Amino acid sequence: MKLARTRSTAAAACALAALGLLTACNRDSSGSAASGGDQPAIGIDLPRSDSDFWNSYAEYLKKDIKSEDINALPLSNSQNDITKLVANVQVFQNTGAKAVVMAPQDTGAIASTLDTLASKKIPVVSVDTRPDKGDVYMVVRADNRAYGTKACEFLGEQLGGKGKVAELQGALDSINGRDRSEAFAQCMKEKFPDIKVFELPTDWKGDVASAKLQSLLAQHPDLNGIYMQAGGVFLQPTLALLEQKGLLKPAGEKGHISIISNDGIPQEFDAIRKGQIDATVSQPADLYAKYALYYAKAAAEGKTFKAGKTDHGSTIVEIPNGLEDQLPAPLVTKDNVDDKTLWGNNVGQ
């Protein structure tokens, strides 16, 4: 697809928006194909812009689109709204997408859209989230159950198997929220039965997490552990609340609340260095972007994959509705927080 064609399809997208798909015209022109030549067009929807993790993912995408000569249609952002995602995907269909990259935050509600894309023979790569139903070409994701287990084992050892822990859960209508929560609960029950866990559903919203944590602290001022399922949205409000209440004690000091997070953003690494939190599990935002584009391009070109070890240190597994490439997600503590191979130490480079 030629560049001129790509520009005309962007204009067509806005024309369609005027006919009822207005939200889908909220696109990032920097994501349009700067080169791409005759490569098949790929539609890419960003899931949200209220998370440092997803903002980093977006920057890696834009960088890789240019460096890998990807013919990307103008990026859209569904802002954690399934109706916007559906509208954005409709524009991709109407503007010549041969593959679609998305990260549906509601993994149940996307099924009918996936069925529609399948009927149009447009393959889908889902990033970080695994749709509950509907065919996907590839899910690019880390093992989220391992996130919950790693968090449990780390906190359990930090607390010596006793204490009270607040779990700031993600949305439970998301496979990620469910996987992390179920694995954390199972591990705590089996390995650390003397730790009391307070489950706080947040729908991935920082203000909700802060409000619920504040209420919990009023009832249990002796809370000594916190598991944040998404540092990108929970870190700053949590640290602000603890500081306000005089509870933000550095690691090693009496009264320190042990905290482990998920994401691996630079802000978490800084908090580890300062002793404000103890650890995080690094979701590979850079690899999510790289392999989302890799598989989308492969899908558009008709290539296929099968379960097994990959050449990039991961494992492809079979799932009920397709395949999933489970990328590595290492635990980060004060011992390895300065490791230059971690994407959180390389943002902007």
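One can find the structure itself at the top, above this paragraph.
Numbers given to residues run from 1 along each chain, matching the order in which its sequence is written. A pLDDT threshold of at least 70 governs which residues receive local features in this predicted model, and a stricter bar of 80 or more applies before side-chain atom pairs are shown or counted, although totals over entire chains, interfaces and linings include all residues. Water and hydrogen atoms play no part in the side-chain values, which are based on all heavy atoms of the structure.

**A look at the packing of helix H3 (residues 82-94) against helix H4 (residues 111-119)**
Here comes step 1: To obtain each axis, a line is fitted to C-alpha atoms, and for helices this fit is confined to the stretch in contact; angles are then taken between N-to-C directions over 0 to 180 degrees. Every helix listed is a DSSP run of H or I at least four residues long, and every strand listed is a run of E at least two residues long, numbered separately from the N terminus. Taken N-terminus to C-terminus, the directions of H3 and H4 make an angle of 5 degrees; their axes are 11 Å apart at the nearest point. Taken together, the axes of H3 and H4 are roughly parallel relative to one another. Where H3 abuts H4, its residues Val86, Val89 and Gln93 lie against Thr113, Thr116 and Leu117.
Here comes step 2: Residue type decides the class: Asp, Glu, Lys and Arg count as charged, Ala, Val, Leu, Ile, Met, Phe, Trp, Tyr, Cys and Pro as nonpolar, and the leftover types, Gly among them, as polar. Along the lines of polarity and charge, the residues of the contact of H3 with H4 split into 3 nonpolar, 3 polar and no charged. In what follows, roughly perpendicular refers to angles from 65 to 115 degrees, roughly parallel to angles under 35, roughly antiparallel to angles over 145, and oblique to any angle outside these ranges. Throughout, a contact is declared for two residues whenever any of their heavy atoms are within 4.5 Å.

**Section: the pairing of strand E14 (residues 322-327)**
As a general feature of sheets, a regular strand has side chains that alternate between the two faces.
Here comes step 1: A pair of strands counts as paired when DSSP detects no fewer than two bridges linking them. With 4 bridges joining them, strand E6 (residues 138-142) and E14 adopt parallel strand pairing. For arginine 141, the partnering residue across the bridge sits in E14 and is glutamine 326.
Here comes step 2: Note: strand E13 (residues 315-319) against E14, 5 bridges, orientation antiparallel. By the bridge assignment, threonine 315 is partnered in E14 with glutamine 326.
Here comes step 3: In this structure, the hairpin formed by E13 and E14 is closed by a connection of 2 residues.

**Focus on the pairing of E13**
Here comes step 1: As paired elements, strand E12 (residues 308-309) and E13 share 2 bridges and run antiparallel to each other. Note on E13: the bridge partner recorded for lysine 309 is threonine 315.
Here comes step 2: Where E12 folds back on E13, the antiparallel hairpin that results is connected by 5 residues, among which glycine 313 adopts a positive phi of roughly 75 degrees.

**Regarding helix H5 (residues 144-158)**
Here comes step 1: Multiply 1.5 Å by the residue count of a helix minus one, and that product is the helix's expected span. For H5, spanning 15 residues, the distance from its first C-alpha to its last is 21 Å, which sits close to the expected 21 Å at 1.5 Å a residue.
Here comes step 2: Whether a residue is buried, partly exposed or exposed follows from its accessible area with a 1.4 Å probe, protein chains only, as a fraction of its type maximum: under 20%, in between, or over 50%, in that order. Asn144, Tyr147, Gly148, Ala151, Cys152, Phe154, Leu155 and Gly156 are the residues of H5 that are buried.
Here comes step 3: If you check the start of H5, you find a side-chain oxygen 3.1 Å away from the backbone N of arginine 145, and it comes from aspartate 143.
Here comes step 4: Looking one or two residues beyond H5, the residue adopting positive phi is glycine 160, at roughly 65 degrees. Under this definition, polar contacts are N or O atom pairs within 3.5 Å; protein pairs additionally need one hydrogen-donor-capable and one acceptor-capable atom, and for neighbouring residues in sequence, both atoms have to be side-chain atoms.

**Description of the sheet that holds strand E15 (residues 331-332)**
Here comes step 1: Here we have 6 strands laid out as an open sheet, ordered E8-E7-E9-E10-E11-E15, and mixed in their pairing. A single partner strand is all that each edge strand has here, and the edge strands are strand E8 (195-201) and E15.
Here comes step 2: Strand direction decides the pairing type here: strand E7 (residues 163-169) and strand E9 (residues 225-228), joined by 4 bridges, are parallel. What sits directly across from glutamate 167, in E9, is tyrosine 227.

**Topic: the packing of aromatic side chains**
Here comes step 1: What counts as a ring pair is set by centres within 6.5 Å for rings of Phe, Tyr and Trp (its six-membered ring), and what kind of pair is set by the plane angle: stacked under 30 degrees, edge-to-face over 60, tilted for all other angles. By the definition in use, this model includes 12 aromatic pairs.
Here comes step 2: Ring geometry for tryptophan 54 versus tyrosine 57: centroids 5.1 Å apart, planes at 90 degrees, classification edge-to-face. You can see tryptophan 54 and its partner tyrosine 57 sitting in helix H2 (residues 52-67), 3 residues apart, about one turn around the helix.
Here comes step 3: On the accessibility criterion, tryptophan 54 (6% relative accessible area) is buried.
Here comes step 4: Accessibility expressed as a relative area gives 0% for tyrosine 57, which makes it buried.
Here comes step 5: For the ring pair tyrosine 60 and tryptophan 343, a centre distance of 6.1 Å and an interplane angle of 80 degrees mean the geometry is edge-to-face. Here the residue tyrosine 60 occupies a position in helix H2, and tryptophan 343 occupies one in the segment after E15, the gap between them amounting to 283 residues.
Here comes step 6: Following the ring pairs from residue to residue traces out a cluster consisting of Phe53, Trp54, Tyr57, Tyr60, Tyr288 and Trp343.
Here comes step 7: Geometrically, a lysine NZ or arginine CZ counts as sitting over a ring once it is within 6 Å of the ring centre and also within 35 degrees of the ring normal. Residue placement shows lysine 196 over the ring face of phenylalanine 198; its charged tip is 5.6 Å from the ring centre.

Geometric descriptors of this kind do not, in isolation, establish any biological role.
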